[in-house]
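Structural overview
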Amino acid sequence: MAIYFYNHYSTKYGSRNFGDDINPFLLGSLFSKALIDSPQICIVGIGTILATGISEKVAHYERKIVFSSGVAYDTLTEKFDDSWAFVCVRGPKTRAVLDLPEDTSICDGAILLADFFPPRAASQREGVVFIPHVNTDWAAGEALRKICREAQLAYLCPDASAEHFIETVRGASLVIAEAMHGAILADAMRTPWIPMHFLNHTQFKWEDWFASVELPYASHHLHPPFWKDTKHGMRSFVKKPYHAIKHFLVKRRLQAFARLMPFMSTDGIIEARKMMLREKVQLINERYGKET
């Protein structure tokens, strides 16, 4: 499958990460089989993957087609030659870093999941879902799961299966997301969402996404931070009350987040972005499918 996406979590750690792992299904459904099976053409897909070193990783393909990818920071030293076709990128900040034409800035392609999993009616939704970054789950997931149970919030890690992840977000009345694709999927599913960060947050890529759907950037800080206690013995025992206080404060703050005014792009904007992405899909299939 000639799709390039960030698969470090699966190849190195044997873990899933929803925002990366949706690429084979979604792009495989959007683009022609001739393109997907092509040994000459690579589709660079969803995720913050336009980074230093990417050219070398896909150098063996004669043509690289960028579809809704993003950059992580406001500078990038990577040089892209004529074999790269930047059909569309995640948002205006990515477009500016790469100095691309204005019509290439659209949105994260994951919003097209709504074409395959239609949003549910409000009467079919219930409960608040908390979605940490996958790295946060590794660092503090055990305690965060317990906190969510006590706060009566559902805990959804990005290493869940894609079907479970999508169905949980579709069925929620509110999503509190540290994982950016938790927020992106919620917006696509018309589920109100609260942006927050605990241990992992790259502001630039969030700003890129917010700007793409014409929302002002914001993120609520969940604190105080804590990590899994890997120490044993007396030192760990002495620190237990200290950790308990931290956990209590995090629970209180999470409960407060659930009462905040949520975010969601307007129906008009999200539909316009989906239409623009569909047009880019058609262009890629028609123009580059002939090169296979």
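Check the entry above for the structure.
Criteria and cut-off values
- Residues numbered from 1 in each chain as written.
- Predicted model: local features only at pLDDT ≥ 70, side-chain atom pairs only at ≥ 80, totals over all residues.
- Heavy atoms only, no water.
- Pairing = 2+ DSSP bridges.
- Helix = DSSP H or I, 4+ residues; strand = E, 2+ residues; numbered from the N terminus.
- Contact = heavy atoms within 4.5 Å.
- Axes fitted to C-alpha atoms, helices over the stretch in contact; angles between N-to-C directions.
- Disulfide = S-S within 2.5 Å.
- Buried < 20%, exposed > 50% of the residue type's maximum accessible area, 1.4 Å probe, protein only.
- 1 Å grid on protein atoms, 1.4 Å probe; cavity = no way out; pocket = protein on both sides within 12 Å on 5 of 7 lines; lining within 4 Å.
- Points joined across faces, edges and corners; volume = space filled by probe spheres on them.
- Nonpolar A, V, L, I, M, F, W, Y, C, P; charged D, E, K, R; others polar.
- Core = buried A, V, L, I, M, F, W, Y, C linked by side-chain atoms within 4.5 Å.
- Expected span 1.5 Å × (residues − 1).
- Phe/Tyr/Trp six-rings, centres within 6.5 Å; stacked < 30°, edge-to-face > 60°.
- Patch = residues over 30% accessible without salt bridge, like charges linked within 9 Å, V, L, I, M, F, W, Y side chains within 5 Å.
- Areas by Shrake-Rupley, 256 points an atom, 1.4 Å probe, with all protein chains shown as cover.
- Salt bridge = Lys/Arg side-chain N within 4 Å of Asp/Glu carboxyl O.

1. What about the sheet that holds strand β5 (residues 128-131)?
- If you trace the five strands from one edge of the open sheet to the other, you get β6-β5-β7-β8-β9, paired in parallel fashion. Lying at the two open borders of the sheet, with one neighbouring strand each, are β6 (154-155) and β9 (220-221).
- Of the strand pairs in this sheet, β5 and β6 are connected by two bridges, and their pairing is parallel. Paired with Phe130 across the two strands is Tyr155, which belongs to β6.
- In the packing of helix α9 (residues 180-188) onto the sheet, contacts are made with β5, β7 (174-177) and β8 (193-197), and the angle to β7 comes to roughly 160°.
- The sheet strands contacting helix α10 (residues 203-212) are β7 and β8, and the helix crosses β8 at an angle near 165°.

2. Looking at the state of the cysteines
- Evaluated as defined, the whole model comprises zero disulfides.
- With no disulfide of its own, Cys42 has Cys88 as its nearest cysteine by sulfur position, at a separation of 14 Å.
- The cysteine Cys88 is free of any disulfide, with Cys107 supplying the nearest cysteine sulfur at 9.7 Å.
- When its relative accessible area of 0% is taken as the criterion, Cys88 is described as buried.

3. Some thoughts on the sheet that holds strand β2 (residues 41-44)
- The strand order across the open sheet built from four strands is β1-β2-β3-β4, with neighbouring strands paired in parallel fashion. Here the strands that pair on one side only, and so sit at the sheet edges, are β1 (3-4) and β4 (84-89).
- Taken together, the two bridges between β1 and β2 define a ladder with parallel strand orientation. By the bridge assignment, Ile3 is partnered in β2 with Ile43.
- Lying over the sheet, helix α12 (residues 267-288) contacts β2, β3 (63-69) and β4, oriented at roughly 170° with respect to β3.

4. A short note on the layout of surface pockets
- By volume, the largest pocket amounts to about 690 Å³.
- Looking at the lining of the largest pocket, the elements with two or more residues in it are α1 (8-13), α2 (18-21), α7 (134-150), α9 and α10.
- Among the residues forming the lining of the largest pocket, the class breakdown is 17 nonpolar, 14 polar and three charged.

5. Re the nonpolar core
- Counting residues in each nonpolar core, the largest one holds 56 residues, and the members touching the most others are Phe31, Phe67, Leu113, Val169, Val175, Trp193 and Trp209.
- Those residues within four positions of Leu113 in sequence are excluded, and the remaining contacts are Phe18, Ile22, Phe25, Leu26, Ile166, Leu185 and Met189.

6. Section: α7
- Taking 1.5 Å per residue, 17 residues should reach 24 Å; α7 reaches only 21 Å between its end C-alpha atoms and comes up short.
- Burial in α7 covers these residues: Val134, Thr136, Asp137, Ala140, Gly141, Ala143, Leu144, Ile147 and Cys148.
- Looking at the residues trailing α7, positive phi occurs at Gln152, about 60°.

7. A closer look at the packing of aromatic side chains
- For the coordinates displayed, the defined rule picks out 17 aromatic pairs.
- Between the aromatic rings of Tyr9 and Trp138, the centroid separation amounts to 5.5 Å while the plane-to-plane angle is 70°, which identifies the pairing as edge-to-face. In this pair, Tyr9 is assigned in helix α1 and Trp138 in helix α7, connecting sequence segments 129 residues apart.
- Here Tyr9 falls in the buried class, since its relative accessible area comes to 11%.
- Judged by relative accessible area, Trp138 falls into the partly exposed class, the value being 32%.
- Ring plane angle 70° and centroid distance 4.8 Å describe the contact between Phe80 and Trp84, whose orientation is recorded as edge-to-face.
- Aromatic ring contacts, followed pair by pair, group Trp193, Trp206, Phe210, Tyr217 and Phe263 into a single cluster.

8. Some words on a nonpolar patch on the surface
- Together, Ile245, Phe248 and Leu249 make up a nonpolar patch on the protein surface, roughly 290 Å² of accessible area in all.
- Summarising the element assignment, Leu249 is placed in helix α11 (residues 234-257).
- A relative accessible area of 40% places Leu249 in the partly exposed class.

Interpretation note: all reported values are geometric properties and have no functional meaning in isolation.
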